[in-house]
Amino acid sequence: MTTPMISNRSRTLDLIQQPHELLTLPERFLEIRSFLSSHRANADTLAYIIETDLATAATLLKVANSSAYNPLGKPLASLPKAIARLGLATSAQIAMSMSLLQGIRLPIALQHIRQFWAHSFAVSQLCLRMSEELNDQAKKDLSDLFMAALFHDIGRILITLHVDALYFQRDFFNFHGAELCQEERRVYGMDHAEVGQHVLMQWGMPESLIYVVAHHHEESGDVA
């Protein structure tokens with residue numbers, strides 16, 4: 001059955017721009033951002049901040065041991081060493097990204113949450129794999145690429161939390177790419193890419209990240 005129109009653009013925009021918990025940056029995010037600008041910014045200190053967050057620590061180790069960052073195949077299991085291999089800025093950006101994602105609680109079935117995060121992380125790993133073909137200069141932007149991959153579908157979360165709690169139970173999975181965005185615009189007046197663009201702007205994220213999220217379903221950059 002076709003999903004009926006639920007909201008128009010004006011109402012959807014108003015709902016996602018209302019003050020609410022998701023638009024408040026988590027304490028760990030703010031702590032890491034403050035740490036980066038302080039005199040104590042080093043791998044050991046960053047490791048201390050995030051070592052109790054097992055998911056983030058595991059992610060950093062996994063990325064550090066990926067072929068993109070470990071072309072010689074020398075695995076490591078130390079969090080400070082993983083941070084040193086990735087670089088302080090890249091490690092901090094990944095940790096901040098994870099803190100944002102983990103702060104989201106969805107009113108939907110667990111399998112939908114797992115599918116969503118599994119998809120986002122899989123896209124981030126695909127981006128890292130593709131980065132093996134990049135030159136050294138382009139590889140400097142790997143952290144932005146990783147973050148963009150994690151956040152490319154963040155608009156779906158915003159729609160679920162503040163516009164339509166049944167979003168993940170509707171028939172959107174019958175659509176892909178540009179067709180999905182077109183159907184979302186019919187139902188909500190906005191698609192998840194534009195919704196994601198708005199929330200990342202409110203978070204003060206880099207313009208390069210916002211651009212990828214806003215345009216990831218366009219013909220030249222359809223990633224999911």
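Not measured: the values here are computed from a predicted model. (Residues numbered from 1 in each chain as written. Predicted model: local features only at pLDDT ≥ 70, side-chain atom pairs only at ≥ 80, totals over all residues. Heavy atoms only, no water.)

### What to know about the overall build of the chain
Alright, step 1. Each helix and strand counted, the chain has 13 helices and zero strands in total.
Alright, step 2. For the chain, the α and β elements follow one another from N to C terminus as α-α-α-α-α-α-α-α-α-α-α-α-α.
Alright, step 3. Counting the 224 residues in the chain, one finds 49% classified as buried.
Alright, step 4. Sequence separation of 24 or more characterises 68% of the internal contacts of the chain that already satisfy a separation of 6 or more.
Alright, step 5. Summed over its atoms, the accessible surface of the chain is roughly 11,500 Å², and 54% of this surface lies on carbon and sulfur atoms. (Helix = DSSP H or I, 4+ residues; strand = E, 2+ residues; numbered from the N terminus. Buried < 20%, exposed > 50% of the residue type's maximum accessible area, 1.4 Å probe, protein only. Contact = heavy atoms within 4.5 Å. Areas by Shrake-Rupley, 256 points an atom, 1.4 Å probe, with all protein chains shown as cover.)

### Quick word on the packing of helix α4 (residues 54-64) against helix α5 (residues 79-86)
Alright, step 1. With their axes 9 Å apart at the nearest point, α4 and α5 run at an angle of 50° to one another. When the interaxial angle is binned, α4 and α5 end up oblique. As for the relative orientation of α4 and α5, their crossing is left-handed in sense. Contacts from Ala57, Leu60, Leu61, Val63 and Ala64 in α4 reach Leu79, Ala82, Ile83, Arg85 and Leu86 in α5. (Axes fitted to C-alpha atoms, helices over the stretch in contact; angles between N-to-C directions. Parallel < 35°, antiparallel > 145°, perpendicular 65-115°, else oblique. Left-handed = near helix turned anticlockwise from the far one by under 90°.)

### A look at the side chain of aspartate 53
Alright, step 1. Among the structural elements, aspartate 53 can be located in the loop between α3 (43-50) and α4.
Alright, step 2. Side chain to side chain, aspartate 53 and threonine 56 meet in a polar contact 2.6 Å long. (Polar contact = N/O pair within 3.5 Å; in protein donor to acceptor, adjacent residues only side chain to side chain.)

### Here's the deal with the nonpolar core
For soluble globular proteins, the rule of thumb is that nonpolar side chains tend to be buried together.
Alright, step 1. Ile32, Ile50, Phe151, Leu200 and Met205 are the most contacted members of the largest nonpolar core, which totals 54 residues.
Alright, step 2. When sequence neighbours within four positions are dropped, the list of residues in contact with leucine 200 reads Phe151, Ile154, Met205, Leu209, Ile210 and Val213. (Core = buried A, V, L, I, M, F, W, Y, C linked by side-chain atoms within 4.5 Å.)

### Some details on the packing of helix α12 (residues 192-202) against helix α13 (residues 207-215)
Axis angle and axis distance: for two packed helices, these are the angle between their axes and the distance between the axes, and together they describe the pair.
Alright, step 1. Contact pair α12 / α13: the axes reach a minimum separation of 7 Å and the direction vectors enclose 160°. With respect to their mutual orientation, α12 and α13 come out roughly antiparallel. The handedness of the crossing between α12 and α13 comes out as right-handed. Residue-level contacts link Ala193, Gly196, Gln197, Leu200 and Met201 of α12 to Leu209, Ile210, Val213 and Ala214 of α13.
Alright, step 2. Residues belonging to the contact of α12 with α13 are distributed by class as follows: seven nonpolar, two polar and no charged. (Nonpolar A, V, L, I, M, F, W, Y, C, P; charged D, E, K, R; others polar.)

### Digging into the pattern of salt bridges
Alright, step 1. This model, assessed by the stated rule, comprises six salt bridges.
Alright, step 2. Among the ionic pairs, arginine 186 bridges to glutamate 183, the shortest N-O distance being 2.6 Å. Separated by three residues within a single helix, arginine 186 and glutamate 183 lie in helix α11 (residues 177-188), roughly one turn from each other.
Alright, step 3. When its relative accessible area of 34% is taken as the criterion, arginine 186 is described as partly exposed.
Alright, step 4. As a salt-bridge pair, aspartate 191 and arginine 185 come within 2.6 Å of each other at their nearest N and O atoms.
Alright, step 5. Relative accessible area serves as the criterion here: at 40%, arginine 185 is assigned to the partly exposed category. (Salt bridge = Lys/Arg side-chain N within 4 Å of Asp/Glu carboxyl O.)

### As for the packing of aromatic side chains
Ring pairs (aromatic) are described by centroid distance and by the angle formed between their planes.
Alright, step 1. For the structure on display, the rule yields four aromatic pairs.
Alright, step 2. An angle of 85° between the planes, with centres 5.1 Å apart, marks the rings of tyrosine 167 and phenylalanine 168 as edge-to-face.
Alright, step 3. Each ring, one from tyrosine 167 and one from phenylalanine 172, has its centre 4.9 Å from the other, and the planes form 25°; the classification is stacked. Here tyrosine 167 and phenylalanine 172 have matching classes, each one buried.
Alright, step 4. A network of ring pairs unites the aromatic residues Tyr167, Phe168, Phe172 and Tyr188 as a single cluster. (Phe/Tyr/Trp six-rings, centres within 6.5 Å; stacked < 30°, edge-to-face > 60°.)

### Section: helix α2 (residues 27-36)
Alright, step 1. Considered for burial, the residues of α2 that qualify are Phe29, Ile32 and Phe35. One side of α2 carries all its buried residues, which in axial view fall inside an arc of 130°. (Arc of directions from axis to C-beta.)

### Quick word on the confidence of the model for the chain
Alright, step 1. Averaged over every residue, the pLDDT of the chain is 80; residues scoring 70 or more account for 81%.
Alright, step 2. Averaged pLDDT values for the elements of the chain fall to 56 in helix α8 (residues 136-139) and rise to 93 in α11. (pLDDT = per-residue confidence, 0-100.)

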